Amino acid sequence: MRKLMAGLVLFSSSALAGEMYGTITEAGKPVGEGVAVEARCAQASYPAVKTDKSGAYHLVVQEKGKCHLTVRYKNQSPAIDVASYDEGVQVDLVLEIKDGSYTLRRK
Amino acid sequence: MPQPKDGWDKLGIFLHPLGGLLTAISVAVVGLAGSQVIDRQQAKSTDARLYSELMSQRELAESTLRKDMLVSVIQSYLAPKEGSIDAHLLQLELLAYNFHDSLNLKPLFVDLSQQLRIHPGPGREEQHRRLKRIAREIADRQRFALELRGDSFRRTVDLQELAAQGKAGLALDPATVAVENVRSEINLRVLRADPSLQTIQVRLEVRPGAVDPGKTPEVTRAEFEVGFFDFPMIDSTHLANGQRCAVLLSAFGQETAELTTVCFPGEYASLKDRPYYDEVVDQLRSRASGSEH
């Protein structure tokens, strides 16, 4: 447990500027490996990063301010507005089905 | 005329002295085993006593060291000196890393931050960054510890939208947290933001789910200011069910700010935040009734 905490503290304090990280879950469970997450900040678009087996992702953007995250999941592309800062920011996302389509919300 | 002895009589004659011998052996074995058990228990209790004495001595030595350190650092911190901001930063860093879970260091952080603003000079920006880095590291450390026992969620505050809303403030998306099998709905309303001081005024509303079907859960409401120098273990809102919720400012940008809300069991609040007596009695009663069922 101590190692986990130390790791988390280290991860947080060494978070890069404009970094966003978190996990993606659906019905309380991680989405698993290979789900693509794309970011668009101002005019810049960033190539998709993939989640790992625990559904975690992290991406680095150059811009600070409002960004748009898109998740490619089961042939759908739900999106959400987030923000990027000097410090890294944790954005845990929850996938939900509404009217037959996936939507994204923050945990 | 004596009757002739049958096999059973002969066996009885043979076993009679043997029975006495067996009884004597049994008593000796039981006595020996009993004394061994008693010896072992005594050895265990001596070990336990020795361990507890060693632990108490170590605790005492550590407490004395911490007390001496606290007095020394606080005295030198509060001594009026000119141009000693670097020394103050170092002293505050020492205090923060060693006493962050038992002392509210916000006044010292705020004071030093003000000093840095009032007395501009070379290296001030770096000093301010260092001050914020210490506060962030302590807040993150506390948050991680609390998240392991509680639940949390994060929200982004759109500062332009907040300004457009005026005095009504901006309601953030509600969230449900689960702490110790109690689910609570958390509503946050941001009332105003101060970009120069990087603080946000929030109203927190917590509606715990009903544990007892016959009882309506009490809603907790609190309004407070959140800045980078607020630490969740020290500065949290005491809920009616004994749990705590704290709101942290995780980031503050030009257009947006980031708030993290963490709710956790009351046992993990700092030493200075003691539970109310009736709350302790209620908890003991509910545990006792729970063990009966």
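Residues numbered from 1 in each chain as written. Chains lettered and ligands numbered in written order. Predicted model: local features only at pLDDT ≥ 70, side-chain atom pairs only at ≥ 80, totals over all residues.

1. A few points about the overall build of chain B
What counts is decided by this rule: Secondary structure elements follow DSSP: runs of H or I of four or more residues count as helices, runs of E of two or more count as strands, with numbering from the N terminus. The size measure is the radius of gyration over C-alpha atoms, and the globule rule it meets is 2.2 Å times the number of residues to the 0.38 power. By the convention adopted here, residues are in contact when the distance between their C-beta atoms, placed from the backbone, does not exceed 7 Å.
Each helix and strand counted, chain B has 6 helices and 9 strands in total. Relative to its length of 293 residues, chain B is extended, with a C-alpha radius of gyration of 33 Å against a globular reference of 19 Å. C-alpha atoms of chain B, sized along the principal axes, occupy 125 × 55 × 30 Å. Partitioning the intrachain contacts of chain B with sequence separation of at least 6 by distance along the chain shows that 55% fall at a separation of at least 24.

2. Some words on the overall build of chain A
Heads up, the condition is: Comment: burial labels come from other C-beta atoms within 10 Å of the residue's own C-beta, placed from the backbone, where a count of 20 or more is buried, 12 or fewer is exposed, and between is partly exposed.
Looking only at helices and strands, chain A has 1 helix and 10 strands in total. Helices and strands in chain A line up, N terminus first, as α-β-β-β-β-β-β-β-β-β-β. Counting across all 107 residues of chain A, residues that qualify as buried make up 30%. Within chain A, counting contacts between residues at least 6 apart in sequence, those at least 24 apart form 49% of the total.

3. Remarks on helix 4 (residues 124-149) of chain B
Rules: For a helix, the expected span equals 1.5 Å multiplied by the residue count minus one.
With 26 residues, helix 4 of chain B ought to run about 38 Å at 1.5 Å a step, and its terminal C-alpha atoms sit 38 Å apart, in line with that. For helix 4 of chain B, the set of buried residues is Leu 131, Ile 134, Ala 135, Ile 138, Ala 139, Asp 140, Arg 141, Gln 142, Arg 143, Ala 145 and Leu 146 of chain B.

4. A look at the confidence of the model for chain A
This is how the line gets drawn: Each residue carries a pLDDT score, the predictor's own confidence in it, on a scale running from 0 to 100.
In the predicted model, chain A carries a mean pLDDT of 86, and 84% of its residues have values of at least 70. Throughout residues 1-15 of chain A the model reports pLDDT below 50, and contacts reaching past four residues in sequence, or to other chains, amount to 12 contacts.

5. Notes on the sheet that holds strand 9 (residues 256-264) of chain B
What counts here: Note on pairing: two strands pair once DSSP finds at least 2 bridges between them.
Ordered by their spatial adjacency, 4 strands build an open sheet running 1-9-8-7 (chain B), and the pairing between neighbours is antiparallel. Single-partner strands in this sheet number two, and they are strand 1 (151-158) and strand 7 (237-238) of chain B.

6. Some details on helix 2 (residues 85-99) of chain B
All names here are of chain B. Rules: Regarding the arc, it is the one traced by the directions from the helix axis to the C-beta atoms.
Look at helix 2: 20 Å from first C-alpha to last across 15 residues, which is about the 21 Å you get at 1.5 Å a residue. All of the buried residues along helix 2 are His 88, Gln 91, Leu 92, Leu 95 and Ala 96. Projection of helix 2 onto a plane perpendicular to its axis shows the buried side chains occupying an angular sector of 135°, all on one side. Across helix 2 from its buried face, at more than 90 degrees, point the exposed residues Asp 86 and Tyr 97. Among the structural elements, helix 1 (7-78), helix 3 (106-118) and helix 4 are those in contact with the buried residues of helix 2.

7. Observations concerning the interface of chain A and chain B
Here is the rule we go by: Throughout, the ten residues Ala, Val, Leu, Ile, Met, Phe, Trp, Tyr, Cys and Pro are labelled nonpolar, Asp, Glu, Lys and Arg are labelled charged, and all others, Gly among them, are labelled polar.
Every contact between the two is made by 18 residues of chain A and, on the other side, 17 residues of chain B. A class-by-class count of the residues in the side of chain A that touches chain B yields 7 nonpolar, 4 polar and 7 charged.

8. As for unusual backbone geometry
Trans is the prevailing form of peptide bonds, just as negative phi is the prevailing case for residues other than glycine. A positive phi is found at Ala 42 of chain A, a non-glycine position, where the angle reads about 50°. In this fold, Ala 42 of chain A is placed in the loop between strand 3 (36-41) and strand 4 (44-50).

9. Comments concerning the confidence of the model for chain B
Averaged over every residue, the pLDDT of chain B is 87; the share at 70 or more is 92%. Both scores are available for the predicted complex, with the pTM at 0.75 and the ipTM at 0.77.

10. Quick word on the nonpolar core
The test is simple: What makes a nonpolar core is a set of buried Ala, Val, Leu, Ile, Met, Phe, Trp, Tyr and Cys residues, with links drawn between C-beta atoms within 7 Å.
With 71 residues, the main nonpolar core has Ala 135, Val 157, Val 190, Ile 200, Leu 249, Ala 257 and Leu 259 of chain B as its most contacted residues. When residues no more than four places from it in sequence are discounted, the contact partners of Ile 200 of chain B are Val 157, Val 190, Ala 193, Val 226, Leu 249, Ala 257 and Leu 259 of chain B.

11. Digging into the packing of helix 2 of chain B against helix 4 of chain B
Residues and elements named next belong to chain B. Convention followed: What counts as an axis is a line fitted to C-alpha atoms, over the stretch in contact for a helix, and the angles between N-to-C directions run from 0 to 180 degrees. Should an angle fall under 35 degrees it is called roughly parallel, over 145 degrees roughly antiparallel, and 65 to 115 degrees roughly perpendicular, with every other angle called oblique.
In contact at an axis separation of 11 Å, helix 2 and helix 4 are set at 5° when each is read in the N-to-C sense. The orientation of helix 2 with respect to helix 4, classified from their angle, is roughly parallel. For the pair helix 2 and helix 4, contact is made by Ile 85, Leu 89, Leu 92, Glu 93 and Ala 96 and by Gln 127, Arg 130, Leu 131, Ile 134 and Ile 138, respectively. By residue class, the composition of the contact of helix 2 with helix 4 is 7 nonpolar, 1 polar and 2 charged.

12. Examining the packing of helix 2 of chain B against helix 3 of chain B
Residue and element names in this part refer to chain B. Spelled out, the test is: Handedness of each helix crossing follows the sense of rotation of the near helix against the far helix: counterclockwise by less than a right angle gives left-handed, clockwise gives right-handed.
Between helix 2 and helix 3, whose axes approach to 11 Å, the crossing angle comes to 160°. When the axis of helix 2 is compared with that of helix 3, the two are roughly antiparallel. Seen from above, helix 2 lies across helix 3 with left-handed handedness. Touching Ile 85, His 88, Leu 89 and Leu 92 of helix 2 are Leu 108, Phe 109, Leu 112, Gln 115 and Leu 116, all from helix 3. Its residues assigned to classes, the contact of helix 2 with helix 3 shows 7 nonpolar, 2 polar and no charged.

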